[in-house]
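Observations on the model geometry
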Amino acid sequence: MVKVAIIFHSASGTTMKLAEAVASGIRSVSEVDVVFAEIVGTDIVDGRFKNLALIEQLNNVDAMVFGSPTFMGCVSAQFKAFADATGDLWAEKAWSNKIASGFTIGSNLSGDQLNTIQYMQIFANQHGMLWASLDIPGNCDAEGRNRLGAQSGLIAHSKDGELNVVDLVTAQYLGQRVANVAKRFAV
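The residue count restarts for each chain, going from 1 along the sequence in the order it is written. Where totals are concerned, whole chains, interfaces and linings use all residues; where local detail is concerned, this predicted model gives features only for residues with pLDDT of at least 70, and gives and counts side-chain atom pairs only at 80 or more. Working from all heavy atoms in the structure, the side-chain values ignore hydrogens and water.

Some details on unusual backbone geometry
Cut-off, in case you're wondering: By definition, any uninterrupted DSSP run of H or I lasting at least four residues is a helix, any uninterrupted run of E lasting at least two residues is a strand, and each is numbered from the N terminus. Under the scheme applied here, a residue whose accessible area is under 20% of the maximum for its type counts as buried, over 50% as exposed, and between as partly exposed, the area being computed with a 1.4 Å probe on protein chains only.
One non-glycine residue, E31, lies in positive phi territory at about 65°. Examined against the element boundaries, E31 turns out to sit in the loop between α1 (14-27) and β2 (32-39). We classify E31 as exposed; its relative accessible area is 58%. A positive phi angle, near 55°, is found at N146, a position not held by glycine.

The following block contains the structure:
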């Protein structure tokens, strides 16, 4: 059984809704299991990520989808603390050749969400992971998916806490894509 983890932090609940849509997409692919790993406040102690059980869970997955709201043009402090806590795994190349992807949401139409996705992509690259982009050309899809046109990953926008239905559909597609890519490359 192929395993895909969704590792995310959600401040207002919108990132959680995107993570649930990604999970739905993953579950729609046969022989793929989802590991739902939310980064919560109690995981952070004195500014450092301390939930080693969550990190250990990730050693047994074939793919990871990272999710974070965009705050001040990048991932949340909670997600960054998680990333910083993986330094020993980086040195060991423990996540090398795993599939990775990412999603984010911001309250401003631009809000530098692309930088958040690029941070996640660089984080994955540092671990030797293989990045699965969102392969839907922006504004060219019959269903309107990838409405904000980011190829690197899913960028969503909500200024009032309500998610655009198209962003949820795109998140579901991202989950399917990552699950299918993971199945193709899982050893």
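Here the narrative resumes, following the displayed structure.
Observations regarding the pairing of strand β1 (residues 2-9)
Side chains on a regular strand alternate between the two faces of the sheet. The condition is simple: For two strands to count as paired, DSSP must find a minimum of two bridges between them. A crossover counts as right-handed when, viewed with the strands pointing away from the observer, the path leading from the first strand over the helix to the second turns clockwise.
For β1, a buried count of seven out of eight residues is recorded, marking the element as mostly surrounded by other parts of the structure. Note that β1 and β2 share eight bridges and pair parallel. Each bridged residue has a counterpart across the sheet, and for K3 the counterpart in β2 is D33. In terms of handedness, the path from β1 via α1 over to β2 forms a crossover that is right-handed.

Notes on helix α6 (residues 165-185)
We count it as follows: Under the convention used throughout, the expected extent of a helix is 1.5 Å for every residue step, that is, one less than its residue count. We call two residues contacting when some pair of their heavy atoms lies within 4.5 Å. The definition of a polar contact used here is a pair of N or O atoms within 3.5 Å, where within protein one atom must be able to donate a hydrogen and the other to accept one, and adjacent residues in sequence count solely through side-chain atom pairs.
For α6, which comprises 21 residues, the first-to-last C-alpha distance of 31 Å matches the rise-based estimate of 30 Å (1.5 Å per residue) to within 8%. For α6, the complete set of buried residues consists of D167, T170, A171, Y173, L174, G175, V178, A179, V181 and A182. Looking at the buried residues of α6, the elements they touch are β1, α1, β2, β5 (63-69), β6 (99-106) and β8 (154-157). The opening residue of α6 is N164, an N-cap whose side-chain oxygen sits 2.8 Å from the backbone nitrogen of V166.

Read these as geometric descriptors, not functional statements.
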